[in-house]
Protein chains: 2
Amino acid sequence: MNIILLSGGSGKRLWPLSNDIRSKQFIKIFKSEDGGYESMVQRVYRQIRNVDASADITVATSKEQISSLKNQLGEDVSISVEPCRRDTFPAIALATAYLHDVKGMDENEVVVVCPVDPYVQKEYFEALHSLSELAAKDTANLVLMGMEPTYPSEKYGYIIPECAEKVSKVATFKEKPDTETAKDYIAQGALWNGGIFAYKLKYVLKRAHELIDFTDYHDLYSKYDTLTKISFDYAVVEKEDDIAVMRFAGDWKDLGTWNTLTEAMEEAVIGNARMNETCENTHVINELDVPVLCMGLKDIVVSASADGILVSDKNESSYIKPFVDAIDAPIMYAEKSWGSYRVMDVEEESTTIKVTLHAGNAMNYHSHERRDEVWTIISGCGRTVVDGMEQSVKAGDVITMQAGCKHMIMADTELKLIEVQLGKEISVDDKKKHERE
Amino acid sequence: MNIILLSGGSGKRLWPLSNDIRSKQFIKIFKSEDGGYESMVQRVYRQIRNVDASADITVATSKEQISSLKNQLGEDVSISVEPCRRDTFPAIALATAYLHDVKGMDENEVVVVCPVDPYVQKEYFEALHSLSELAAKDTANLVLMGMEPTYPSEKYGYIIPECAEKVSKVATFKEKPDTETAKDYIAQGALWNGGIFAYKLKYVLKRAHELIDFTDYHDLYSKYDTLTKISFDYAVVEKEDDIAVMRFAGDWKDLGTWNTLTEAMEEAVIGNARMNETCENTHVINELDVPVLCMGLKDIVVSASADGILVSDKNESSYIKPFVDAIDAPIMYAEKSWGSYRVMDVEEESTTIKVTLHAGNAMNYHSHERRDEVWTIISGCGRTVVDGMEQSVKAGDVITMQAGCKHMIMADTELKLIEVQLGKEISVDDKKKHERE
């Protein structure tokens, strides 16, 4: 089975665990098989492999997520990188061209496209496999998965099938309706459109060439920023007559708000937190080292990270976005492909951060124009390069770098250091990359 | 007016703002006259001075509080230091001897003793002044302030006066009653005992010499740890026949729980926090740099400090103590006479802290046996002494100290530094003080 996982953009609805650079799919809140916690993307990746160990998985995403994906899924994860955000039709066209031109898949191979963030069980991935087989048998040009509705939701588009069979041709699509109209649709046997579909590569490549002037993957990639933003539903699905839908009645949850996310949590508490016996329907996710104590709370979610602290009634949490947009605070924690960093202290003319490098990883060779830096290695060992000179370092070593000085560090074991940045105008933009001499 | 302020022990009922080394009287939650915030002890100190600019104020407290008191009230604050905790009778006897033997007050001078932590207004301090005058006129051996009860509380002792006059002899005292008994007392005209009283120094000195074998202040101080723990009420008040009480009907609040403390807050929010419009009767005190966002909360207190985060229904917050006792976490922030420190990161073999020294202040000259240290100065300037060698330092300078090396730093201006401690057994107890050579 070939799968394209669409890994969507950053979101603030799950602040303070999601932010401008950390999307919800990277938050570790699900129990993993080894007793720890895994993120949505780790969970989905593992679930696919459990159903089909040889599945070929490609993640379609923007370059901002590459670090997080490699951090969570490993360096070998296959990624179709969107140079900028251009909605789902360009993203799927690019990923399809990537499978064909870069990974060398035959144009008659089938791929299943699905979002990375629904909360689902094994049966869902078995259904994806069936979907792939239906597309391979040319059941239709496009084969969609239709979710059996559990209530007349206003937040999904609806698919009206021609008949009530497990697999049916699609009669028509309906935009997101109001509740009354949704009830009518459901009475007609309508299904939710979950944005999951299977096709042969040649089908989407043909559509893409009809709509975009490009030769191959590399050409499409180079002109990606010139493409019109348009959804796959609008550009392809609504214009296609030959579409089939397969019903799916299993678990399928959209974990877009704290309310829905906490419903999927297996334990009321993640991290260092304690609730007294008078708390009801309350969830705590604490990424900080210090303890959280909750007393007498009802229907509340508490979430704490290096970026901030949310305390919200669960229903109210759906309205979080404008409040988070109004918070003008720097991002205090980030996962990178090489490890992670945490901002520990910000003063007028200094910033102190903790840097963790995974074994075998290195920073880029770089310099800053307007700040000096001091590294104190607190654990592990590795090598620094400062103005071309390489040196072995271990816990306790101190490296001072004046502004302008080129520097990097490579971790031989996992390596942690405290970096003190000193200067009047400290900014993440003050960074110049260099080639090693 | 001479005043002894009893500054009580550490408490955990206001965790995470109070802890083993930070008592509630040092939490800055009241609007000060300069637009910032002041603590209970700062507020009371300022209020006394506003009523009587020449008041002679002595704080009776344990040595653990000296740093915080000097930090908040200035180096010149007069402190009667209890070498260890021995309840209120020994503490008041020691402070009274301190006034007589160290400050040289005449034994006929009057002193008013009152706790440091009630939330009161100007009228209260004017009443203290009247109390002092009553004692000076030998109205009785002891003159108490009796609070007009506002409800049949179970948490106070009751004073039954002989008559309903403003000033009256005391008929009898009653221990903390149940609600029904309290109603009876109030019907008889009883007053709450707030632990506020005035006397001539010679009176308490005489009682002290009757109960304790000591010559003068220094002798009492040296044998303080051998004294029996006993309250002033039990040792003196209940055995004295000649006691007067003065009624007080003004504001007088005991701010011992989050519920009562938030009632005294003038603003719903202190620190970096935001509430949406659906929050009701909710208070937030955030000492952290990162934002707190509250949505849809009702009757909730949220309090965040470097030590932890509390989210509690206000009524439930009265039951906090056993939960805080169960939290086994190190203290992450402390105010000292020379400034403050904050623990920023704890790893297995390193601890990183931020140290702030007030201008003109210095650390003790000290060494550690089992850890190296690295200082990176992030602001200000001063001088370090390392193994006897003095050196000027400024922002950007790095000082490395091996285990065993003697060191200190003096701040010429306010000075901040990041200290990285490195070693396998880092402990606050690993500290040896030295004399400067």
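Above this text sits the structure in question.
Quantities reported herein were computed from a predicted structural model and do not represent experimental measurements.

*Asks:* In this structure, what is going on with the pairing of strand S16 (residues 283-286) of chain B? I would like to understand it.
*Replies:* As a general feature of sheets, a regular strand has side chains that alternate between the two faces. All names here are of chain B. Neither face of S16 is left uncovered, since the one carrying His283 and Ile285 and the one carrying Val284 and Asn286 both have all their residues buried. The pairing of strand S14 (residues 269-270) with S16 spans two bridges and is parallel. By the bridge assignment for S16, Val269 is matched with Val284. The pairing of S16 with strand S18 (residues 300-305) spans four bridges and is classified as parallel. If you follow Ile285 over to S18, its bridge partner there is Ser303.

*Asks:* Can you walk me through the environment of Lys200 of chain A in this structure?
*Replies:* Residue and element names in this part refer to chain A. Among the structural elements, Lys200 can be located in strand S11 (residues 191-200). The spatial distance from the C-alpha of Lys200 to the C-alpha of Ser80 is 18 Å, given a sequence separation of 120 residues. A polar contact of 3.1 Å, which involves the side chain of Lys200, links it to the side chain of Asp138.

*Asks:* Would you mind going over the sheet that holds strand S20 (residues 333-336) of chain B with me for this structure?
*Replies:* As a general point, the strands of a sheet are linked pairwise by backbone hydrogen bonds and lie either parallel or antiparallel. Residue and element names in this part refer to chain B. Read from one edge to the other, the open sheet built from six strands follows the order S20-S21-S22-S29-S24-S27, with strand pairing classed as antiparallel. Both edges of this open sheet fall to S20 and strand S27 (398-401), since each of them pairs with a single strand only. If you compare each strand with its neighbour and ignore which way they point, the axes differ by 20° on average. Taken together, the eight bridges between strand S21 (residues 339-347) and strand S22 (residues 350-357) define a ladder with antiparallel strand orientation. Residue Asp345 lies in a different strand from S22, and its bridge partner there is Thr352. In the packing of helix H2 (residues 66-73) onto the sheet, contacts are made with S20 and S21, and the angle to S20 comes to roughly 70°.

*Asks:* Would you explain the relation of the copies chain B and chain A in this entry?
*Replies:* One copy of the chain maps onto the second through a rotation around an axis plus a translation along that axis. Superposition record for chain B on chain A: RMSD 0.1 Å, screw rotation 180°, translation along axis 0.1 Å. The transformation relating the two chain copies, once decomposed into turn and shift, fits a two-fold axis. Considering only C-alpha atoms, the residue of chain B closest to the rotation axis is Met344 of chain B, which sits at 3.2 Å.

*Asks:* Which parts of the structure should I look at to understand the pairing of strand S19 (residues 308-313) of chain A?
*Replies:* Burial analysis of S19 of chain A places six of its six residues in the buried class, the great majority of the element. Here S19 of chain A shows no split at all, with Gly308, Leu310 and Ser312 of chain A on one side and Ile309, Val311 and Asp313 of chain A on the other all buried. Connecting strand S18 (residues 300-305) of chain A to the next strand, S19 of chain A, in antiparallel fashion are two residues. Note: S19 of chain A against strand S17 (residues 292-295) of chain B, four bridges, orientation parallel. Counted as the bridge partner of Ser312 of chain A is Met295 of chain B from S17 of chain B.

Basis of the calculations
Residues numbered from 1 in each chain as written. Chains lettered and ligands numbered in written order. Predicted model: local features only at pLDDT ≥ 70, side-chain atom pairs only at ≥ 80, totals over all residues. Heavy atoms only, no water. Buried < 20%, exposed > 50% of the residue type's maximum accessible area, 1.4 Å probe, protein only. Helix = DSSP H or I, 4+ residues; strand = E, 2+ residues; numbered from the N terminus. Pairing = 2+ DSSP bridges. Polar contact = N/O pair within 3.5 Å; in protein donor to acceptor, adjacent residues only side chain to side chain. Axes fitted to C-alpha atoms, helices over the stretch in contact; angles between N-to-C directions. Contact = heavy atoms within 4.5 Å. Least-squares fit on C-alpha atoms with pLDDT ≥ 70 in both.

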